[in-house]
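A structural walkthrough
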Amino acid sequence: MSPVFPMLTVLTMFYYICLRRRARTAPRGEMMNSHRTVEPHSRTSPLNAEVIQYANEVVDFSSHYGSENSMSYTMWNLAGVPNVFPSSGDFTQTAVFRTYGTWWDQCPSASVPFKRTPPNFQSQDYVELAFEQQVYPTAVHVLETYHPGAVIRILACSANPYSPSPPAEVRWETLWSERPMKVNGSQARQFKPCIKQIHFPTNLIRLEVNSSLLDYYTELDAVVLHGMKDKPGLSLKTSLIDMNDLEDDDYEEKDGCGMDTLNKKFSSTALRDGPSNGYFDKLPYELIQLILNHLTLPDLCRLAQTCKLLNQHCCDPLQYLHLNLQPYWAKLNDTSLEFLQARCTLVQWLNLSWTGNRGFISVAGFSRFLKVCGSELVRLELSCSHFLNETCLEIISEMCPNLQDLNLSSCDKLPPQAFNHVAKLCGLKRLVLYRTKVEQTALLSILNFCSELQHLSLGSCVMIEDYDVIASMIGAKCKKLRTLDLWRCKNITENGIAELASGCPLLEELDLGWCPTLQSSTGCFARLARQLPNLQKLFLTANRSVCDTDIEELAGNCTRLRQLDILGTRMVSPASLRKLLESCKDLSLLDVSFCSQIDNRAVLELNVSFPKVFIKKSFTQ
């Protein structure tokens, strides 16, 4: 037999497998058509002309730099035609996420990452955009105006957000994905990734971003969706085999290991008794468990199918002490939780962030899971989990008596009265309420009963009427507090700052960015510096009254300072900054953007003298 023949056979089989993978979700007619010869010059009928549209509205997002009551730096700027593009620079009319780089991961408030996160899941934030017409996407263009390169994944959804009735099935498909990559320069660009064809029309697009490699905040101006009203035929411009399909990017779908098939993957009924498990029979049980700790959840699903011994190991509750389900948000549903339930009776860390939206998880399904698996929970991440309601928080308060860490970030659909149940979790040490509708009465109750709090985030909580009252309660009750986020709290004054400074001497991190009612002339910033010597991070962003006296007080009293943001002040000189840098040897981040006395020349001179400090100075073209 010719040696060429086996090679051709292998290639033919490989090609066939890829075609099957490509068409695995298509109806029979579409699967048959996918095997047809690709026409070298396919044409678009005038009746099926390409539709080009900008986003009609912003449906959901995980964070933004701006305020809930304005348009500046908010995700809502992504709706409609471009405001800035093709100009480059820092503009308030763009969409900006809350963080960039790795600075937030280096703060005292940073959480320990989950160990069992798939290496291909690196998304940190997202935004979902609705378009007027459903189309079969042919291109998605993202207009980036400042520090581009954050977008790492683009997805399309089969659900129509404007449909009056909920769909029977909601499906997400990845159009494009890539690992985070460093983009040189901060200039504007039109990002045009090569997307793959999908088998359903869409008018709901999701961008996922990772800003860890960025030197500063990324700014997005608009998103353009190109597509056909009718399903286009294959052309040479769109390959039959998308190489991304052969990677592990679609880890939740690969080899059918979606979260909705966990029951089949963990079922041991189909496993036969083999004559021997080989050398695995000779290994200690604990050693096999240690080896399996390095596998992701889908890999455990696959391994559970090999033999009864490994199925037993893969179903051991000790494998699920730390369970990160966020990477599988597009597939996780009530059935998935039910299948996992028996294996998660000892779970201590649980991440359900981004999951359950659009009916994937019901209140009943979540409640059933926690009733079985909540008793040992210490940490619960529920960021952007919009299925939550008051009943869910009540169940958490009843079923999770050992809970110490609760993240409800951007759960902006939770009703205000739901937060009363959080006060029952008296052992809480970390509470994140960023962008929630918590009201003053509920928050006061939480602070009164949760005196063990060490980390508290109240950024962009717009329903609180008087932050001075809140600050006074924090100072009186939370003596162990180490980090406090008051980003964009609208009405805190020097009185609240005085209560905080005197009552929380252990504070290491304080974010007072965009708090317009604080004035340096009252001495509030100098008091902070004198009474909080352990400060490592201090954000005084957009407070124009910060002056040289405040900087000199920080230099004299807060020598452990690592991060300082004084963006927008008019009263700070290069001389006071030099004193600060000479005194604070650990300082690594200094943001002096839009500081009128700190020009580019001053920044260059400070960079030469203090090369280990990242001095940020934004610009507008």
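Each chain has its residues counted from 1, following the order in which its sequence is written. Selection of residues for local features in this predicted model requires a pLDDT of at least 70, selection of side-chain atom pairs for listing and counting requires 80 or more, and totals for whole chains, interfaces and linings are taken over all residues. Hydrogens are left out, water is left out, and the side-chain values use all remaining heavy atoms of the structure.

The name given to the chain in an unreviewed UniProt entry is F-box/LRR-repeat protein 4, with Camelus ferus as the source organism.

A few points about the confidence of the model for the chain
Should pLDDT be low for a region, the predicted coordinates there are not to be read in detail. Note on scores: pLDDT gives the predictor's confidence for each residue, bounded by 0 and 100. Across the chain, pLDDT averages 88, with 85% of residues at or above 70. Note that pLDDT drops below 50 for residues 1-45; the model gives that stretch 44 contacts with residues more than four away or on any other chain. Contacts are assigned to residue pairs that have any heavy atoms within 4.5 Å of one another. Low pLDDT (under 50) marks residues 236-258, which in the prediction has 58 contacts with non-local residues, meaning those over four places away or in another chain.

Considering the environment of Phe61
Mapped onto the secondary structure, Phe61 falls in strand β2 (residues 57-61). Buried means the residue's accessible area, taken with a 1.4 Å probe over protein chains only, is under 20% of the maximum for its type, while exposed means over 50%, and partly exposed covers the values in between. Relative accessible area serves as the criterion here: at 4%, Phe61 is assigned to the buried category. For the pair Phe61 and Trp354, spaced 293 residues apart in the sequence, the C-alpha separation amounts to 9.9 Å. The contacts of Phe61, once residues within four sequence positions are left out, are Met75, Trp76, Tyr126, Val127, Cys384, Ser410 and Arg435. By the criteria applied, helices consist of DSSP H or I runs no shorter than four residues and strands consist of E runs no shorter than two, each listed in order from the N terminus.

What about helix α7 (residues 334-341)?
Regarding α7, the residues found buried are Ser336, Leu337, Phe339 and Leu340. End-on view of α7: buried residues confined to an arc of 160°, all on one side of the axis. It is the directions from the helix axis to the C-beta atoms that the arc portrays.

A few points about the state of the cysteines
A pair of sulfur atoms, both from cysteines and within 2.5 Å, is called a disulfide here. Scanning all chains against the criterion turns up zero disulfides. Unpaired in terms of disulfides, Cys461 finds its nearest cysteine sulfur in Cys489, a separation of 9.7 Å.

Thoughts on the pattern of salt bridges
In what follows, salt bridge is the name for a side-chain nitrogen of Lys or Arg lying within 4 Å of a carboxyl oxygen of Asp or Glu. Summed over all chains, the structure comprises 22 salt bridges. Among the salt bridges present, the one from Arg358 reaches Glu128, with a minimum N-O distance of 2.8 Å. Of this pair, Arg358 sits in the loop between β11 (349-351) and α8 (363-373) while Glu128 is found in strand β4 (residues 125-146), placing the two residues 230 residues apart along the sequence. Residue class for Arg358 comes out partly exposed when judged on its relative accessible area of 33%. Classification of Glu128 by relative accessible area gives buried; the value is 1%.

Examining the sheet that holds strand β18 (residues 537-539)
Strands pair in a sheet through their backbones, by hydrogen bonds, and they do so in one of two ways: parallel or antiparallel. A pair of strands is treated as paired once DSSP finds two or more bridges between them. Judged by pairing direction, the sheet is parallel, and its 12 strands sit side by side in the order β10-β11-β12-β13-β14-β15-β16-β17-β18-β19-β20-β21 without closing on themselves. Every interior strand has two partners, whereas the edge strands, β10 (322-324) and β21 (614-616), have only one. The sheet shows a mean angle of 5° between the axes of neighbouring strands, direction not considered. Bridge count for strand β19 (residues 563-565) against strand β20 (residues 589-591) is three bridges, and the pairing is parallel. Along β20, the bridge assignment pairs Asp565 with Asp591. Each axis is a line fitted through C-alpha atoms, taken for helices only over the stretch in contact, and angles between the N-to-C directions span 0 to 180 degrees.

A look at helix α11 (residues 467-477)
For α11, the complete set of buried residues consists of Tyr467, Asp468, Ile470, Ala471, Ile474 and Gly475. For α11, the angular spread of buried residues about the axis comes to 160°, placing them on one side. Where the residues of α11 are buried, they touch α10 (440-449), β15 (455-457), β16 (483-485) and α12 (494-503). By the N-cap criterion, in which a side-chain oxygen at the helix start approaches the backbone nitrogen of a residue two or three places on, α11 is capped by Asp466, the distance to Asp468 being 3.0 Å. The term polar contact refers here to a pair of N or O atoms within 3.5 Å; inside protein, the definition further demands a hydrogen-donor-capable atom paired with an acceptor-capable atom, and it admits residues adjacent in sequence only when both atoms are side-chain atoms.

What about the environment of Tyr320?
Here Tyr320 is to be found in the loop between α6 (308-314) and β10. Given the relative accessible area of 1%, Tyr320 is considered buried. Tyr320 sits 23 residues away from Arg343 along the chain, and the two C-alpha atoms are 6.9 Å apart.

As for the packing of aromatic side chains
Working definition: an aromatic ring pair is given by the centre-to-centre distance plus the angle between the planes. Pairing of aromatic rings covers Phe, Tyr and Trp, the last through its six-membered ring, and needs centres within 6.5 Å; plane angles under 30 degrees mean stacked, over 60 mean edge-to-face, and all others mean tilted. In this structure the tally under the stated criterion is 19 aromatic pairs. Arranged with centres 5.7 Å apart and planes meeting at 85°, the rings of Phe61 and Trp76 form a pair that is edge-to-face. One end of the pair, Phe61, is in strand β2; the other, Trp76, is in the loop between β2 and β3 (95-96), with 15 residues separating them in the sequence. Owing to a relative accessible area of 27%, Trp76 belongs among the partly exposed residues under this scheme. On the numbers, 5.9 Å between centres and 85° between planes, the contact of Trp104 with Phe539 is edge-to-face.

Quick word on the packing of α7 against α8
For any two helices packed against each other, the geometry is given by the interaxial angle and the distance between the axes. The contact between α7 and α8 brings their axes to 9 Å, and the two run at 15°. Accordingly, the angle class assigned to the pair α7 and α8 is roughly parallel. The interaxial crossing formed by α7 with α8 has left-handed handedness. Residues Asp334, Leu337, Leu340 and Gln341 of α7 form the contact with α8, whose participating residues are Gly365, Phe366, Arg368, Phe369, Val372 and Cys373. Classification used: nonpolar for Ala, Val, Leu, Ile, Met, Phe, Trp, Tyr, Cys and Pro, charged for Asp, Glu, Lys and Arg, polar for all others including Gly. A per-class count over the contact of α7 with α8 returns six nonpolar, two polar and two charged. To sort the angles, those under 35 degrees are grouped as roughly parallel, those over 145 as roughly antiparallel, those from 65 to 115 as roughly perpendicular, and the leftovers as oblique. Crossings are sorted by hand: turned counterclockwise from the far helix by less than a right angle, the near helix makes the crossing left-handed, and turned clockwise it makes it right-handed.

A short note on a nonpolar patch on the surface
A grouping of Phe280, Leu283, Leu287, Leu290 and Ile291 is seen on the molecular surface, where their side chains present a nonpolar patch of about 410 Å² in accessible area. Examined against the element boundaries, Phe280 turns out to sit in the loop between α3 (262-266) and α4 (285-292). Overall, Phe280 belongs to the partly exposed group, its relative accessible area being 38%. Exposure above 30% relative accessible area and the absence of a salt bridge qualify a residue for a patch, where like charges join within 9 Å and nonpolar side chains (Val, Leu, Ile, Met, Phe, Trp, Tyr) within 5 Å. Residue-level accessible areas treat just the shown protein chains as cover; the underlying method is Shrake-Rupley with a 1.4 Å probe.

Side note on unusual backbone geometry
The peptide bond linking Phe85 to Pro86 adopts the cis configuration, its omega dihedral lying at 15°. In this fold, Pro86 is placed in the loop between β2 and β3. Of note in this structure, Arg435 is not a glycine but carries a positive phi near 60°. Mapped onto the elements, Arg435 comes out in the loop between β14 (430-432) and α10. A relative accessible area of 4% means that Arg435 is categorised as buried.

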